[in-house]
Amino acid sequence: MVKSIIFALLKITRHYQVLNYAAVFTTRKKALYVLILILCLASVFVINKITKIHFIRMSKEHSSHKAISHVLRKIEQNLNITPYARMTPLSSAEESLVTLLNPKPSYKVGETLSLRVDLYDQDGQHKSSGGDFLLARIFSLYLDASASGVLEDFSNGTYKVTFTLFWPGRVEVSVQLVHPSDVVSVLWKARQQDYDKIMYTGTFMSQGIQEERQCFQHLVKWKQLCKYKDYRDNEYFFCLKPKNLSCNHLTYLYSKNSEDLNLSHQEFHILLRSDLAVEVPSEFLSIDVNDCSDNFQGPSLKCKMGMKFESPGGFFYLNKWYPKNCIVCQFTRVDEVNGCLKGKQIYLLGDSTVRQWIEYLIKILKNLKMTKMPSGISPVVATDVQRNIYIAWMKHWQPWVSSTPNAVSSGQYIARRLDTIAGSTNTTVVLALGLHFRSFPITLFLKRLLNIRKAIERLLRRNPLTRVFVKLENTRDLSVDMVRCSNWHGYVQNLAQREVFQGLDIQFIDAWDMTVSHNSFAIHPSPNIVWNQLTLFLTYICDECSNTRSFQCDSNRQVEEDDTDDR
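Residues numbered from 1 in each chain as written. Predicted model: local features only at pLDDT ≥ 70, side-chain atom pairs only at ≥ 80, totals over all residues. Heavy atoms only, no water.

Trainee: What is the right way to read the overall build of the chain from this model?
Mentor: In terms of helices and strands, the chain carries twelve helices and 28 strands. Taken over 567 residues, the chain has a buried fraction of 51%. Within the chain, contacts between residues separated by at least 24 positions form 77% of all contacts whose residues are at least 6 apart in sequence. (Helix = DSSP H or I, 4+ residues; strand = E, 2+ residues; numbered from the N terminus. Buried < 20%, exposed > 50% of the residue type's maximum accessible area, 1.4 Å probe, protein only. Contact = heavy atoms within 4.5 Å.)

Right under this line is the structure:
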């Protein structure tokens, strides 16, 4: 097309020259030809520019889709999703059994405990396939001690669970069948097929005029749409156009669950036939862990940036979290926390589970004051002027699932927010997202993560000394809508975060490991879990600490309680 225009221009130019030399046309006609020539040249430039922009956008979209597909394939390799069969019996926790592998009269701290889980269906037949969603933990209630286990799926109804025995005493085992494999298959299909499990309403406001319109996380076939697009990162959000206001007047958004989950009658029946998070019986009550193994050696180094991610990453003992591979600081006094935070700028970006961090710190640090009282789901900023401490929380941009209207101006794409941070040795960023994405196709979450990865890379190029953390998702309520909010979705999204962010100079805070270990099923974990997350985080960002906490293998040892939770 561009070539055709150029040839036409040349032809017009030659024709104009011939006419000019012959002195046939008047000055007015000459001016008209010049004007045509200028307009044609401008058209060529504009068409070329538009074509180039379109090509760049198409190239970016193709590259994005390719990267998303690559990560999705890696995740699916770890999921073992088996297609559900029509009206076949589901896996049954009550019919199944947990047995000890290579049982012994007693065990030592540091040894590995191995279990075999045999799953049977509701008719008492041993399963011939895998893909069930199980959670496993060991615990000693009288010690407030617990740790999660590592599962291996043999794809034949048999699973192996391994635990590290971290503490001495009487230890019990818990294996829960959260979802049978058929339910997992339905959840995976339901998640992938549409964006419409959550309905958004946008409120447009200006000069006393207010209109509400339906909004969407995906493109719908409407002619009159407000398009809120981030062309660089290929992120988008849409609303139906208001009648009397402009698209720029979108002020608030709120959401509610849609009535139609787009499931077949058979898929609904599978979900209704399944119980949730049922304990699998075991052939033993508990095991005894007496003393240390000869080769047991606890960690000797303080937690620092760059340490390898491990699962499980640690354990609770007397309600305190002990990392498996490093030593944490023991913050027993307020001045120790203040000393750690002095001179630091901390950006908490994401959902309300990381907002709990700033709320906890404001509660215990009397000189850390909010700059203004937050309204609804608005940003929270707290400062300690004397110690030059700055901590800020901001929610991530859509999707944000809340029946409470939240201001459009209160959120931002995390990738864009990261681009505004200069970075320094005293700058720390904590990212936490996932819970609000569970109701949407996993591809939306992967695209967001990949954009954030690029932003982290840009931030670390600006200043490699900036510390970046990713707080993984925690488990949440079992009573909520299974299709939209199942913890299986959180498990998958944690796999995605570990896959996308691997190779970056960042540190994970494994909230999933902590909440599974603690048997916590709350969207907002308890203050004790929040403080243990903060203790681990503060240990990473503080170069030195006056007191450290490491587990010593001594069955007679008394661990002193700190007074942090009582401040």
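Trainee: Which parts of the structure should I look at to understand the sheet that holds strand β12 (residues 235-240)?
Mentor: Strand pairing within a sheet occurs via backbone hydrogen bonds; the two strands may be parallel or antiparallel. Spatially, β11-β12-β10-β9-β13-β23 is the arrangement adopted by the six strands of the open sheet, whose pairing is antiparallel. Two strands bound the open sheet, and with one partner strand each, they are β11 (225-230) and β23 (406-407). As paired elements, strand β10 (residues 209-216) and β12 share two bridges and run antiparallel to each other. Among the inter-strand pairings, Phe 216 is bridged to a residue of β12, identified as Phe 238. (Pairing = 2+ DSSP bridges.)

Trainee: Even after reading the chapter, I still don't get the packing of helix α3 (residues 181-193) against helix α4 (residues 265-273), so can you show me in this structure?
Mentor: A packed helix pair is summarised by two numbers, namely the angle formed by the two axes and the spacing between the axes. Closest axis-to-axis distance for the α3/α4 pair is 9 Å, and the angle between their directions is 130°. One element, α3, and the other, α4, form an angle in the oblique class. Relative to α4, the crossing made by α3 is left-handed. Contacts between α3 and α4 pair Asp 182, Val 183, Val 186 and Lys 189 from the former with Glu 267, Ile 270 and Leu 271 from the latter. Within the contact of α3 with α4, the residues separate by chemical class into four nonpolar, no polar and three charged. (Axes fitted to C-alpha atoms, helices over the stretch in contact; angles between N-to-C directions. Parallel < 35°, antiparallel > 145°, perpendicular 65-115°, else oblique. Left-handed = near helix turned anticlockwise from the far one by under 90°. Nonpolar A, V, L, I, M, F, W, Y, C, P; charged D, E, K, R; others polar.)

Trainee: Explanation requested: the nonpolar core in the structure shown.
Mentor: One recurring pattern in soluble globular proteins is that nonpolar side chains are buried together. Residues Leu 418, Leu 431, Ile 456 and Phe 501 are the most contacted members of the largest nonpolar core, which totals 71 residues. What Ile 456 contacts, discounting residues up to four positions off in sequence, is Leu 418, Leu 431, Val 468, Phe 501, Leu 504 and Ile 506. Phe 331, Trp 393, Val 430 and Phe 469 belong to the second-largest nonpolar core, a separate cluster that totals 43 residues. (Core = buried A, V, L, I, M, F, W, Y, C linked by side-chain atoms within 4.5 Å.)

Trainee: In this structure, what is going on with the environment of Gln 356? I would like to understand it.
Mentor: Checked against the element boundaries, Gln 356 lands in helix α6 (residues 352-364). For Gln 356, a relative accessible area of 13% translates into the label buried. Separated by 178 residues in the primary sequence, Gln 356 and Leu 534 place their C-alpha atoms 10.0 Å from one another. What Gln 356 contacts, discounting residues up to four positions off in sequence, is His 524, Pro 525 and Val 530.

Trainee: Sorry, what's going on with the state of the cysteines here?
Mentor: Simply put, the disulfide is a covalent bond whose two ends are the sulfur atoms of two cysteines. Taken as a whole and assessed by the stated rule, the structure comprises five disulfides. A disulfide bridge connects Cys 303 with Cys 326, and the sulfur atoms are separated by 1.9 Å. Residues Cys 303 and Cys 326 share a disulfide whose torsion about the S-S bond is about 80°; that sign makes it right-handed. Within this pair, whereas Cys 303 is found in the loop between β15 (287-292) and β16 (314-317), its partner Cys 326 is found in the loop between β17 (320-323) and β18 (328-329), the two being separated by 23 residues in sequence. Pair check on accessibility: Cys 303 and Cys 326 agree, each one buried. Here Cys 329 engages in a disulfide with Cys 545; their sulfurs sit 2.2 Å apart. Judged by the sign of its S-S torsion, about -80°, the cystine formed by Cys 329 and Cys 545 is left-handed. Taken as a pair, Cys 329 in strand β18 and Cys 545 in the loop between α12 (527-541) and β28 (548-549) lie far apart in primary sequence, 216 residues in all. (Disulfide = S-S within 2.5 Å.)

Trainee: Explanation requested: the packing of α6 against α12 in the structure shown.
Mentor: Interhelical geometry of α6 versus α12 gives an angle of 90° and a closest axis separation of 10 Å. Between α6 and α12, the angle is such that the two are roughly perpendicular. Contacts between α6 and α12 pair Gln 356, Trp 357, Tyr 360, Leu 361 and Ile 364 from the former with Pro 527, Val 530, Trp 531, Gln 533, Leu 534 and Phe 537 from the latter. For the contact of α6 with α12, the class distribution of residues is nine nonpolar, two polar and no charged.

Trainee: Got a minute to help me understand helix α10 (residues 487-500) in this structure?
Mentor: For α10, spanning 14 residues, the distance from its first C-alpha to its last is 20 Å, which sits close to the expected 20 Å at 1.5 Å a residue. In terms of residue burial, α10 counts as a mostly covered element, since twelve of its 14 residues are buried. The N-terminus of α10 is capped by Ser 486, whose side-chain oxygen sits 3.0 Å from the backbone nitrogen of Trp 488. (Expected span 1.5 Å × (residues − 1). Polar contact = N/O pair within 3.5 Å; in protein donor to acceptor, adjacent residues only side chain to side chain.)

Trainee: When you look at the side chain of Lys 395 in this model, what are you seeing that I'm missing?
Mentor: Structurally, the position occupied by Lys 395 is in strand β22 (residues 389-396). We note that Lys 395 is buried and unpaired, the nearest opposite charge coming from Asp 351 at a distance of 12 Å. There is a polar contact of 3.2 Å between the side chain of Lys 395 and the side chain of Asn 406. Discounting chain neighbours no more than four positions away, the residues touching Lys 395 are Gly 350, Ile 377, Trp 400, Asn 406, Ala 407, Ser 410, Gly 411 and Gln 412. (Lys, Arg positive; Asp, Glu negative; His and termini not counted. Salt bridge = Lys/Arg side-chain N within 4 Å of Asp/Glu carboxyl O.)

Trainee: What exactly am I supposed to notice about the pattern of salt bridges here?
Mentor: As a working rule, side chains carrying opposite charge can pair if their charged atoms are close by. In the structure shown here, the tally under the stated rule is 23 salt bridges. Taking the shortest distance from any N to any O, the salt bridge between Lys 127 and Asp 132 comes out at 3.1 Å. Given the relative accessible area of 9%, Asp 132 is considered buried. Across the salt bridge formed by Arg 453 and Glu 457, the nearest N and O atoms sit 3.1 Å from each other. Of this pair, Arg 453 and Glu 457 both sit in helix α8 (residues 442-462), four residues apart, roughly one helical turn. What emerges from the salt-bridge pattern is a single network uniting Arg 232, Asp 233, Asp 419 and Arg 458.

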